[in-house]
Amino acid sequence: MDLPGKGIFRGMALTLQKFFEPKVTVQYPEEQHDGGPKGRGRLILLYDEYGALKCETCFQCAQACPIEIIDMGGVDTKGRYHVHWGPPEQYAERREDSALRRSGRPVPDQSFVAYEAIDTAPLDRILADVDYDPRQMLTILERTQEAYGYLPIAAFRHISSTTGAWYAEVHGIAAALEHLRVEPPGGHVVGICRCPNCTLMGGGRLREALEAELETVIGGTSPDGRVRLVAESCHGESRLRPHLTVDGADQDDTTPAGATSLARRLRGHSRGRAQA
Amino acid sequence: MSVLARPWSRLTPAGKVVLPLLGLLVFLTLALLVGFATGLIPGLIRFVGDLLGANIGIVRFVVAASAILLMSVPTAFVIIYMELKVIALMNLRLGPNRVGPWGSLHSIVHGLKVLGKEDFTPTGVDVPVFTLAPAVTFLAPVLGLLVLPFAPGLLGIDMNLALLYFFAVSGLSVLGLMMAGWSSFNKYSLLGGLRAAAQIISYEIPLTLAVVGVIMLAGTMSLNQIVMNQSGSILDWYMFKQPLGFVIFFIAATAEGNRTPFDLTEADSELVAGFATEYSGMRFGFFFFAEYVGVFILSALTTVLFLGGWNAPFDIDPVLNALGIRFDLALDLARLDVGLLFLLALGPVVGTLLIALPIWMLRSDWSFLKSLVIGFILLNVLLAAAVGVWLALSFEAVVGLGWFLVKTYFFVFLFVWMRATLPRVRIDQLMGFAWKWMLPASLVNLFVTALAIIVVSEVR
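Residues numbered from 1 in each chain as written. Chains lettered and ligands numbered in written order. Predicted model: local features only at pLDDT ≥ 70, side-chain atom pairs only at ≥ 80, totals over all residues. Heavy atoms only, no water.

## Regarding the overall build of chain A
Line of reasoning, step 1. When its secondary structure is counted, chain A shows 11 helices and six strands.
Line of reasoning, step 2. Relative to its full complement of 276 residues, chain A shows a buried share of 31%.
Line of reasoning, step 3. Within chain A, counting contacts between residues at least 6 apart in sequence, those at least 24 apart form 54% of the total. (Helix = DSSP H or I, 4+ residues; strand = E, 2+ residues; numbered from the N terminus. Buried < 20%, exposed > 50% of the residue type's maximum accessible area, 1.4 Å probe, protein only. Contact = heavy atoms within 4.5 Å.)

So, in structure tokens, the structure goes:
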């Protein structure tokens, strides 16, 4: 049974006990405690004068880390391999792979897309035109897409290293804008209009049929990469039927059935469901 | 004019100080000579002495009032420092440690800071009441000190109604808090003031009723007489004859002094300091001092009523006699004759050297001058301790004062200790506790005490 008021006396006993205990305060400017025996202070990555990270992915810091807290990844200095360093549990990789990584040697990564070199002569002309100015990134990217048909990853690297803009910035601009694409264009381009007039004339059903047959949506490419579906504008020209083009050529047959057979023809009957 | 101005302008700054002082010295010497030669000064002294002797009551009052006013502020300083330090130590911190040894002068700096702050009177306050409130709050506990017996013979007035006077005067502090809360033109202040009034008036009842048992046992309301009744052994203290009364009195005193866990009136974290919200500078300082002087007088009153005041808990003389230790303290310095002169001249020098030399030899990193200074300070500490021991053994009042202060500061420590431990109670719990538990308990205590007195007298 607890007596009433017992807690008061227990609390008083506790505070009295603390009264005689050694105190934890460190009088900072006068007394300075050493850090722990494994303390290394605060770790930061340095930037060079162009604002690019100086890290060369040499793993020396990860190797030296006494508590193995550093977990890093990147591309090796010659741009050949994707490498990373970290605990095997985190990447669910085999122990020998992990041991190989921990040896510090660069190791190929299964998930890494091989780097395709490009002929940079057209890109160099474009860059020379804008005087390597990173503020004209949009112009550079648009003209690069004109020259190559799409934006290769190698072009991003080249633009980044010549203009000084961060790779992430170049890639970010390209990814954020719809008319810039990082994949090679598909074989055929099917364009439809979504204006109210075309929609009233049956454009909605046309679009549904095309999207079902091409297995993609507007702005995408069919899974086999042969047909791209894009949005176009009829500029008010079509009065009697929805606007539909294939590789820029106007089409007359704009019924959903006609569109389906058109799409099948363009894909070369390669659709899995049609064969099954 | 230039006759005086030119030599004056040629004096160095030090000379400008020393010369008037010299002139004053010459004038005073001449005046004293003339005064003694004509018998004017002895006559004046005799007249003033007669005048003071004829009005000894007034003189005693003025001296006592000055003394308690002078002691109240240092007492508050000591208790504030104690509160800061003890709570810090209980929180595993260091507490004040910058000003003075172990931060002991911290609260003096605190006081100076408060003096230097702007004394601000907000718009809309009731100015006369607002201005008077801190003084009333501060004076209430200070006036209570007048009747406290500190040591045998060391008390302001030996009033036969001392206890009644004490409660009447310290009840005035509620008035001060109410004045502050009402005149501040601020709802938080008003809430704090009303809380203070409700709480203090509620706890005044069990506080007073708990004391009635002591009054019945002692048969007097004179605090001095109550202390004298408790002389003898430690078992004569009223703490053992009135245990319930003692507990009730202490709890009610905690509420009276607005101390944790009953500090609802201030409730720093809830009421933005309650009635003192609108006060700044030294006016706020007065509330602060009033609280700590209040803690002191409540502890002192607990000591006087229940712990035998200045009575020692045990008699040291039989112990010393049994051990065969005997102090012959009838110091007759005149017996030393010429030796006294040598003692006065050489004693400090030899003592300082005797302490400084071992220090200097042991601490090779200290210069000789530094060891001399340290030796001199240590010698003074030792001499002060020796004089203190001599005083304590020679005069009863010093020992009594020592015991009184030890007991009082034990209770001050207890108040601080409780503040470091206990959380604040809720206002309805506070009032319910006063009326539902404390009041019946004090009434039971009263009836049991009365019954016991009758039974004991009948049996005898």
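## With respect to the confidence of the model for chain A
All names here are of chain A.
Line of reasoning, step 1. Taken as a whole, chain A shows an average pLDDT of 79; of its residues, 76% reach a score of 70 or greater.
Line of reasoning, step 2. Mean pLDDT across the elements of chain A bottoms out in helix 11 (residues 272–275) (43) and peaks in helix 5 (residues 121–129) (93).
Line of reasoning, step 3. Every residue in residues 271–276 scores below 50 in pLDDT, and together they form five contacts with partners more than four places removed in sequence or on other chains. (pLDDT = per-residue confidence, 0-100.)

## Quick word on the packing of helix 8 (residues 172–183) of chain B against helix 9 (residues 187–218) of chain B
Residues and elements named next belong to chain B.
Line of reasoning, step 1. Where helix 8 contacts helix 9, the two axes come as close as 7 Å, and the packing angle between them is 160°. When the interaxial angle is binned, helix 8 and helix 9 end up roughly antiparallel. In this structure, the crossing between helix 8 and helix 9 has a hand that is left-handed. Contacts between helix 8 and helix 9 pair V174, L177, M178, G181 and W182 from the former with S189, L190, G193, L194, A196, A197 and I200 from the latter.
Line of reasoning, step 2. Taken together, the residues of the contact of helix 8 with helix 9 sort by class into nine nonpolar, three polar and no charged. (Axes fitted to C-alpha atoms, helices over the stretch in contact; angles between N-to-C directions. Parallel < 35°, antiparallel > 145°, perpendicular 65-115°, else oblique. Left-handed = near helix turned anticlockwise from the far one by under 90°. Nonpolar A, V, L, I, M, F, W, Y, C, P; charged D, E, K, R; others polar.)

## Details of the pattern of salt bridges
Line of reasoning, step 1. This model, assessed by the stated rule, comprises 16 salt bridges over all chains.
Line of reasoning, step 2. Across the pair R135(A) and D133(A) runs a salt bridge whose closest N-O atoms are separated by 3.3 Å.
Line of reasoning, step 3. In this structure, R241(A) and D250(A) form a salt bridge, with 4.0 Å as the shortest nitrogen-oxygen distance.
Line of reasoning, step 4. What emerges from the salt-bridge pattern is a single network uniting E83(B), R259(B), E291(B) and R419(B). (Salt bridge = Lys/Arg side-chain N within 4 Å of Asp/Glu carboxyl O.)

## Concerning a nonpolar patch on the surface
Residues and elements named next belong to chain B.
Line of reasoning, step 1. Taken together, the side chains of V338, L341, F342, L346, V349, V350, L353, L354, L357, W360, M361 and F368 make up a nonpolar region of the molecular surface, amounting to roughly 1,200 Å² of accessible area.
Line of reasoning, step 2. Per element, the largest residue contribution to the nonpolar patch is 11 residues, and it comes from helix 15 (residues 338–362).
Line of reasoning, step 3. Here M361 shows up in helix 15.
Line of reasoning, step 4. With relative accessibility at 62%, the residue M361 sits in the exposed group. (Patch = residues over 30% accessible without salt bridge, like charges linked within 9 Å, V, L, I, M, F, W, Y side chains within 5 Å. Areas by Shrake-Rupley, 256 points an atom, 1.4 Å probe, with all protein chains shown as cover.)

## Regarding the side chain of K407(B)
Residues and elements named next belong to chain B.
Line of reasoning, step 1. As for its position among the elements, K407 is in helix 17 (residues 396–421).
Line of reasoning, step 2. No salt bridge is formed by the buried K407; its nearest oppositely charged neighbour, D236, is found at 12 Å.
Line of reasoning, step 3. Looking at K407, its side chain comes within polar contact range of the main-chain oxygen of N311, at 2.6 Å.
Line of reasoning, step 4. The residues touching K407, leaving out its near neighbours within four places in the chain, are W237, T303, L307, G308, G309, W310 and N311. (Lys, Arg positive; Asp, Glu negative; His and termini not counted. Polar contact = N/O pair within 3.5 Å; in protein donor to acceptor, adjacent residues only side chain to side chain.)

## Brief notes about the packing of helix 15 of chain B against helix 16 (residues 368–394) of chain B
All names here are of chain B.
Line of reasoning, step 1. Contact pair helix 15 / helix 16: the axes reach a minimum separation of 8 Å and the direction vectors enclose 125°. By the criterion of interaxial angle, the relationship of helix 15 to helix 16 is oblique. Helix-helix and strand crossings are classified by hand; for helix 15 and helix 16 the assignment is right-handed. Facing helix 15, whose interface residues are P348, G351, T352, L353, I355, A356, L357, I359 and W360, helix 16 presents F368, S371, L372, I374, G375, F376, L378, L379 and L382.

## Let's talk about the packing of aromatic side chains
Residue and element names in this part refer to chain B.
Line of reasoning, step 1. Evaluation of the coordinates by the stated rule reveals 22 aromatic pairs over all chains.
Line of reasoning, step 2. Between W360 and F368, the ring centres sit 5.1 Å apart and the planes meet at 75°, which makes this aromatic pair edge-to-face.
Line of reasoning, step 3. Given the relative accessible area of 35%, F368 is considered partly exposed.
Line of reasoning, step 4. When the ring of F413 is compared with that of W417, the centres are 5.8 Å apart and the planes differ by 45°; the resulting orientation is tilted. Of this pair, F413 and W417 both sit in helix 17, four residues apart, which is roughly one turn of that helix.
Line of reasoning, step 5. Using a relative accessible area of 13% as the deciding quantity, one classes W417 as buried.
Line of reasoning, step 6. The structure contains a cluster of three or more aromatic residues connected by ring pairs, namely F246, F249, F250, F306, F410, F411 and F415. (Phe/Tyr/Trp six-rings, centres within 6.5 Å; stacked < 30°, edge-to-face > 60°.)

## Remarks on the interface of chain A and chain B
Line of reasoning, step 1. Chain A puts 14 residues into the contact, and the matching count from chain B is 15 residues.
Line of reasoning, step 2. Taken together, the two surfaces of chain A and chain B that pack against each other cover about 1,300 Å², and 73% of this comes from carbon and sulfur.
Line of reasoning, step 3. The largest share of the area that chain A buries against chain B comes from M12(A), F19(A) and K23(A), three residues that together contribute 43% of it.
Line of reasoning, step 4. Across the chain A-chain B interface, the total number found is one salt bridge.
Line of reasoning, step 5. Measuring nitrogen to oxygen at the nearest pair gives 3.0 Å for the salt bridge that ties R98(B) to E30(A).
Line of reasoning, step 6. Between chain A and chain B we count eight residue pairs in polar contact (both at pLDDT 80 or more) in total.
Line of reasoning, step 7. When its residues are assigned to classes, the side of chain A that touches chain B shows six nonpolar, four polar and four charged. (Buried area = accessible area lost by both parts, 1.4 Å probe.)

## Some thoughts on helix 9 of chain B
In an α-helix, one full turn covers 3.6 residues, which means residues spaced three or four apart are oriented alike.
Line of reasoning, step 1. Look at helix 9 of chain B: 46 Å from first C-alpha to last across 32 residues, which is about the 46 Å you get at 1.5 Å a residue.
Line of reasoning, step 2. Between the side-chain oxygen of the N-cap and the backbone nitrogen of Y188(B) there are 2.8 Å, and the N-cap of helix 9 of chain B in question is N186(B). (Expected span 1.5 Å × (residues − 1).)

## A short note on the pairing of strand 4 (residues 227–232) of chain A
All names here are of chain A.
Line of reasoning, step 1. The pairing of strand 3 (residues 188–193) with strand 4 spans six bridges and is classified as parallel. Residue pairing across strands places V189 opposite R228, the latter belonging to strand 4.
Line of reasoning, step 2. The handedness of the strand 3 to strand 4 crossover, carried by helix 9 (residues 196–214), is right-handed. (Pairing = 2+ DSSP bridges. Right-handed = clockwise from strand over helix to strand, strands pointing away.)

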